Amino acid sequence: MSDQYADAVAAAAKSHPRPSGAKPFVYGTAGFRMNADLLDPVVYSVGLLAALRSRKLKGQAIGVMITASHNPAKDNGVKLVDPYGDMLEQSWESYATTLANTPSEEMAEAYAKAAKDLGVDSDIPANVIIARDTRPSGKALVDALVDALKATGSQYTDYGVLTTPQLHYLTRATNTQNDAHPYGEVSVEGYYKKLSEAYKTAMRHDKPTGSLTVDCANGVGAVALKEFLKYMPKEDDLSGGLKVNVANDRIDKPEVLNEKCGADFVKSGQRAPEGFNGKPFDRWASYDGDADRVLYYFHEEGSIFRLLDGDRIATLAATFIRELVQKAGLEEDLQLAVVQTAYANGASTKYIEDVLKLKVECTPTGVKHLHHVASRYDIGVYFEANGHGTVLFSQNAQRKIRKADPQSPAELEALTTLRALTELINQTVGDALSDMLLVEVILAQKEYTVKEWAATYEDMPNRLIKVLVPDKSDYATVPGTAERKLEKPAGMQDKIDVLVEKYRNGRCFVRASGTEDAVRVYGEASAAYDVDDMLRNVEQLIKVTPKAN
Ligand SMILES: CC(=O)N[C@H]1[C@@H](OP(=O)(O)O)O[C@H](CO)[C@@H](O)[C@@H]1O
Ligand SMILES: [Mg+2]
């Protein structure tokens, strides 16, 4: 056992025992997520890994976020953020999983082995920054994390209660503060200032119409939004003045987090949250529990609910950014693409390809996959249908946008807005607040009402359901199909294909969830009654399939 911290790791591990008989934990789509009561030893092990990761990356700061996002209040979770604000490099996930499943009495050995395998030099200083959402269990979990950081001689900063994207911002800002182009000031205030200044520039000639009401899922988004509003222009300001109503902000009642509200509730049920006023054409948005997702929606006359989901935000952003790039005379220089998952509504994909004539890529579920593909383009717009996404501007694109020499007042105008957008958009990860400001800028500049935005294309009727199965690991998709085809259980895909063929423009796929103990079934077709019938039949098929062995 060579690592100089191994003894301290062993001693501290005794206070964070792994309950016997606990199910194996897996670092999944969004880190570890489970009932908060089980998480203490897991978070301790994540602290150890954060220290190793920071040392491996020459002392750059690593972020640790304690959140379970849209899950119920009793759950919690933990995820690691890499130095530039993206998710933990995939090749390290297996180390996270191994450490999380190690009994406390073997922890020091497992830690030293990981350090050795990963070639970590324990003399390099480690630096970790921490934040948590509003869940009551978060505080004690931060204590477990800090125990690991102290045991490994790491420096740390605990930023308290923040949104997930704020922690991503701080991680990147910390690691770029000495660069030629720092990401921003290393403070939460710096985050608000960066966003508000970019918003004011982008809105310099425009004022949004009407008001915007934001359902904050009774979570941390309410804290961030209220603070941010202090940095916004006054409501009557002709440059960007906007009346924002904050709804579902009961962070004093932790048990109502995500309860009948929030982006996940709205998207999966295709219905408005509790507290919705139902006034026709009022503009509403919902965040999720850690404010990295946002969706818009409104009621048409007759109480018809119209959802403007992540696909809509992606198409709106791609349209607008492409127009700006053209107007700025940079069209030849900058290639733009949209990245989606199989859950994207087929009508949105068709619209991007046929009307916008832009390239669409489809990746497996989970933002880390979308982010990775989007980063290959000069400008990569990526969104999951559930509202999680952002726009990435490559270094090359940022340089060209910064250095371009406008040849006309119109080019200068477009460039000014484009430059503002590279600051307004949180390029580390999906960010409800930043994405919402982006949407507001676009709607105001294009003079779109929500009705006009919704009219750009018509969604295919669709539904997403969860089916409980004895063991979700019986379900596996064919690699390279972006999870659209099953290879396990054997023969099931053929049966699904036969079923789906019966419905006009039917599409349906089944995959195991990476965050819940269930399989998900997504379906869409030309007619809503066909979608319901198709999903009922596929659900039945899953229920009668004998357990694989
Ligand atoms: C269909 C769907 O919305 N799946 C969500 C959900 O993943 P699953 O692996 O499907 O459970 O949670 C992920 C983390 O928040 C999110 O990235 C993803 O989009
Ligand atoms: Mg979230």
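A short tour of the structure in this document, coming up. Just so you know, the residues in each chain are numbered from 1, in the order the chain's sequence is written. Chains carry letters and ligands carry numbers; both start at the beginning, A for chains and 1 for ligands, and go up in the order they are written. Totals for whole chains, interfaces and linings use every residue, but because this is a predicted model, local features are given only for residues with pLDDT of at least 70 and side-chain atom pairs only at 80 or more, for both listing and counting. The basis for every side-chain value is the complete set of heavy atoms in the structure, and neither hydrogens nor water enter the calculation.

**Considering the overall build of the chain**
(1) Moving on: Assigned secondary structure in the chain consists of 18 helices and 19 strands.
(2) Moving on: On C-alpha atoms alone, the chain measures out to a radius of gyration of 23 Å, which is about the 24 Å that the 2.2 N^0.38 rule sets for 549 residues.
(3) Moving on: A principal-axis box enclosing the C-alpha atoms of the chain has dimensions of 65 × 60 × 45 Å.
(4) Moving on: Throughout this description, buried means an accessible area under 20% of the type-specific maximum (1.4 Å probe, protein chains only), exposed means over 50%, and partly exposed covers the range between. Considering the chain as a whole, with its 549 residues, one finds that 58% of them fall into the buried category.
(5) Moving on: Just so you have it, the chain exposes about 22200 Å², and 49% of that area is on carbon and sulfur atoms.
(6) Moving on: In the chain, 65 positive and 77 negative side-chain charges are present, and the distance between their average locations comes to 1 Å. Secondary structure elements follow DSSP: runs of H or I no shorter than four residues count as helices, runs of E no shorter than two count as strands, and numbering proceeds from the N terminus. We compute the radius of gyration over the C-alpha atoms and compare it with the globule rule, which gives 2.2 Å times the number of residues raised to the power 0.38. Residue burial considers only the protein chains on display, and all accessible areas are found by Shrake-Rupley using a 1.4 Å probe. The convention is simple: Lys and Arg are positive, Asp and Glu are negative, and His and the chain ends are not counted. Where a charge sits is defined by one atom per residue type, namely NZ (Lys), CZ (Arg), CG (Asp) or CD (Glu).

**Here we look at the sheet that holds strand 19 (residues 519–524)**
In a beta sheet, neighbouring strands pair by backbone hydrogen bonds and run either parallel or antiparallel.
(1) Moving on: One requirement defines pairing of two strands: DSSP has to find at least two bridges between them. The strand order 15-19-18 describes an open sheet built from three strands, whose pairing is antiparallel. With partners counted over all chains shown, the strands left at the sheet margins are strand 15 (462–467) and strand 18 (507–512), one partner each. Neighbouring strand axes in the sheet, compared pairwise and without regard to direction, differ in orientation by 15° on average.
(2) Moving on: Direction of pairing for strand 15 relative to strand 19: antiparallel, over a ladder of six bridges. Across the sheet, the residue bridging to Val467 is Val519, located in strand 19. Under this scheme, a helix contributes an axis fitted over its contacting stretch, all axes are lines through C-alpha atoms, and angles between N-to-C directions fall in the 0 to 180 degree range.

**Considering the coordination of the magnesium ion (ligand 2)**
(1) Moving on: At this site the magnesium ion (ligand 2) is bound by Ser69 (OG), Asp288 (OD), Asp290 (OD) and Asp292 (OD), with donor distances of 2.0 to 2.2 Å.
(2) Moving on: Note: metal donors comprise N, O and S atoms at 2.8 Å or less from the metal (3.2 Å for Na, K and Ca); water molecules are not included, so apparent gaps in a site are possible. Mapping the donors of the magnesium ion (ligand 2) onto the primary sequence gives the spacing S-x218-D-x1-D-x1-D. With respect to burial, Asp288 and Asp292 carry one shared label: buried.

**What to know about unusual backbone geometry**
(1) Moving on: The step from Lys488 to Pro489 runs through a cis peptide bond, and the omega angle for that step is -5°.
(2) Moving on: With respect to the element layout, Pro489 can be found in the loop between strand 17 (486–488) and helix 17 (492–500).
(3) Moving on: For Asn258, which is not a glycine, the phi torsion comes out positive at approximately 60°.
(4) Moving on: Within the fold, Asn258 resides in the loop between strand 7 (243–247) and helix 9 (263–269).
(5) Moving on: Taking relative accessible area as the criterion, Asn258 reaches 13% and is therefore assigned buried.
(6) Moving on: Positive phi outside glycine occurs at Glu447, with the angle close to 55°.

**Details of the pattern of salt bridges**
(1) Moving on: The term salt bridge refers to a side-chain nitrogen of Lys or Arg lying within 4 Å of a carboxyl oxygen of Asp or Glu. All told, the structure shown has 30 salt bridges when counted by the stated rule.
(2) Moving on: Among the ionic pairs, Arg53 bridges to Asp82, the shortest N-O distance being 2.8 Å. Here the residue Arg53 occupies a position in helix 2 (residues 40–56), and Asp82 occupies one in the loop between strand 3 (75–81) and helix 3 (93–100), the gap between them amounting to 29 residues. Asp82 carries the same exposure label as Arg53, and that label is buried.

**Observations regarding the nonpolar core**
(1) Moving on: Core analysis: the largest hydrophobic core is formed by 86 residues, its most contacted members being Tyr287, Ile321, Leu421 and Met436.
(2) Moving on: Ranked by the residues each element gives to this core, the list is headed by helix 15 (residues 432–446), at ten residues.
(3) Moving on: The next biggest cluster of nonpolar side chains, apart from the first, holds 47 residues, and it includes Met34, Val42, Ala144 and Ala148. We define a nonpolar core as any set of buried Ala, Val, Leu, Ile, Met, Phe, Trp, Tyr and Cys residues linked to one another through side-chain atoms lying within 4.5 Å.

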